[in-house]
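What the coordinates show
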Amino acid sequence: MKLNIIGGGPAGLYFAILMKKANPDHSITIYERNGPDDTFGWGVVFSGKTLANLRDADEASHTEITRNFEAWDNVDVVHRGEKISIHGNSFSGIARIRLLNILQQRCRDLNITVNFQTEASDTQKLADDCDLLIGADGVNSTVRQTFADHFQTSLDVRTNKYIWYGSNQLFHGLTLTFRQTPAGVFAAHSYKFNEATSTFIVECDDQTWNTAKFANMPDEETRVYLGAVFARDLNGHSLLSNNSKWINFVLVKNARWFHNNVVLLGDALHTAHFSIGSGTKLAMEDSIALKQCFDDTHYVEAALQRFEAVRKPVIEDYQAAAYESMVWFENARDYMHLPPIELAYVLMTRSGKVDREKLRQRDPAFIAIYEAALGL
Ligand SMILES: Cc1cc2nc3c(=O)[nH]c(=O)nc-3n(C[C@H](O)[C@H](O)[C@H](O)COP(=O)(O)OP(=O)(O)OC[C@H]3O[C@@H](n4cnc5c(N)ncnc54)[C@H](O)[C@@H]3O)c2cc1C
């Protein structure tokens, strides 16, 4: 089979690896507009369950990924300067660039052609030229836009603003920090992903963002401002920029996932708010699911139909939980009156996926303190 893949992010690279492993006769070409070492962002997070999926799908890359991991089991909630730790959660972090380099190397080992610094602009031509065209070209996907009528895309631009920074302050756990300021409430999502660096995402509502006058504030001034908001948490470290910009989260959904021999994967297909995990996990698990559909049939249309039938309910379930979490952060100011232990509990149960009994299994001490605080 001849495959063209637009986008050399986690979805495109991983799908190429899995297909080539399944059948070395496949001819696979990836088109990536950036160079191998150009990237945005900082670290990505995987749960223990995702890691098991990656191990089953491709042990070689799993070994390399876990060799470069930082693992932890705690979620820390910081409110009014008090830190509450909730244990029993399994997460790991890796630098996005390190993950991409591992997957790129695996592609080289498997003789997959990756054309870096190559913009793919004529989607129809690339589709006509192969058996299967993968649109793994990220949240602003050209492939999706080319066939927008067919995919029936919905784009929901949310009101909160967020910005993706790094820091040399090490957060040993998934840390959610809230700071109330005269401008409004700021939330930080942070975790370490290598020995020297943490991801540090700052989120606020548009009222706070406007009051703080971020619209025309230069990058350095913004980092100084937010560095002051989180001064006690950053412990003297500054915020690091990597072409960081304020963004509104865009919730992407598609009613239909494929059109003839063209299918979307990863962020091009769907997004889920970063507060519930990483888009990278979903992108790579999409690749696993699509590859499995080709295990059962060589007919492209049958495989794509099966992919949509099997994977769509999983994604809809995930997006529903992520939606609850996103809305919680959009309304974070309404929860700031809660004492830290109650805020921590409300946060841990916000997506509706985890209830008190599940939390009790994970961390009985946390639930005991919570119940004592409420007199239960
Ligand atoms: C600013 C920003 C920072 C982020 N930082 C992080 C982070 O630190 N950690 C994290 O977990 N997630 C981060 N994310 C989210 C994360 O990028 C995605 O959820 C995840 O990478 C999805 O993988 P993907 O392969 O579907 O898409 P992407 O990783 O977006 O990959 C798509 C690729 O397609 C390429 N491409 C697009 N169009 C074309 C074209 N026409 N021709 C050729 N190539 C093309 C792009 O250059 C890109 O490499 C960030 C997102 C944004 C917007």
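Up top you'll find the structure we're talking about.
Now for a description of the structure that goes with this document. (Residues numbered from 1 in each chain as written. Predicted model: local features only at pLDDT ≥ 70, side-chain atom pairs only at ≥ 80, totals over all residues. Heavy atoms only, no water.)

**What about the packing of aromatic side chains?**
In this description, a pair of aromatic rings is defined by centroid distance and the angle of the planes. Keep this limit in mind: Here is the rule: rings of Phe, Tyr and Trp (six-membered ring for Trp) pair when centre to centre is within 6.5 Å. Planes less than 30 degrees apart are stacked, more than 60 are edge-to-face, and the remainder are tilted. Helix and strand labels come from DSSP, where a helix needs a run of H or I of at least four residues and a strand needs a run of E of at least two; each type is numbered from the N terminus. Burial classification: accessible surface area is computed with a 1.4 Å probe over protein chains only, and a residue below 20% of its type maximum counts as buried, one above 50% as exposed, and the rest as partly exposed. A ring is considered to have a charge above it if a Lys NZ or an Arg CZ atom is located within 6 Å of its centre and within 35 degrees of its normal.
For the structure shown, the criterion picks out 20 aromatic pairs. Centroid distance F214 to W246: 4.9 Å. Interplanar angle 40°. Geometry classified as tilted. Within this pair, whereas F214 is found in the loop between α8 (206-211) and α9 (219-229), its partner W246 is found in the loop between β14 (239-240) and β15 (247-254), the two being separated by 32 residues in sequence. Owing to a relative accessible area of 2%, F214 belongs among the buried residues under this scheme. The class for W246 is buried, based on a relative accessible area of 19%. A centroid spacing of 4.5 Å and a plane angle of 15° characterise the contact between W328 and Y335, whose relative ring orientation is stacked. For Y335, a relative accessible area of 26% gives the class partly exposed. In this structure, K161 packs its charged tip against the face of W209, placed 4.3 Å from the ring centre.

**As for the site of the ligand**
Let me state the cut-off plainly: Proximity is defined per residue: if any heavy atom of the residue lies within 4 Å of a molecule or strand, that residue is considered near it. Only the protein chains shown count as cover for residues, with accessible areas throughout obtained via the Shrake-Rupley method and a probe of 1.4 Å. Residue classes follow a fixed rule: Ala, Val, Leu, Ile, Met, Phe, Trp, Tyr, Cys and Pro count as nonpolar, while Asp, Glu, Lys and Arg count as charged, and any other residue, Gly among them, counts as polar.
The local shell around the ligand holds 31 residues, among which E32, W42, G43, R96 and W164 are the closest. The protein chains hide 88% of the 990 Å² of surface that the ligand would expose on its own. Put simply, the parts of the chain that give the shell around the ligand at least two residues each are α1 (10-22), β3 (43-47) and α11 (279-296). In terms of residue count, the dominant contributor to the shell around the ligand is α11 (3 residues). Partitioned by chemical class, the residues of the shell around the ligand number 12 nonpolar, 13 polar and 6 charged.

**Description of the pattern of salt bridges**
Defined as follows: Each reported salt bridge corresponds to a side-chain nitrogen of Lys or Arg within 4 Å of a carboxyl oxygen of Asp or Glu.
Enumeration over the complete set of coordinates arrives at 21 salt bridges. Residue D58 pairs with R106 through a salt bridge whose shortest N-O separation is 2.8 Å. Separated by 48 residues along the polypeptide, D58 in the loop between α2 (48-57) and α3 (59-67) and R106 in helix α4 (residues 96-109) bring together distant segments of the chain. Residues D58 and R106 agree in their burial class; the two are buried. D295 is the partner of K291 in a salt bridge, and the nearest nitrogen-oxygen pair spans 3.0 Å. With a gap of 4 residues between them, K291 and D295 both fall in helix α11, about one helical turn apart. Residue classification places D295 among the partly exposed residues on the basis of a relative accessible area of 45%. Through salt bridges with shared partners, a single network forms among R356, E357, R360 and E371.

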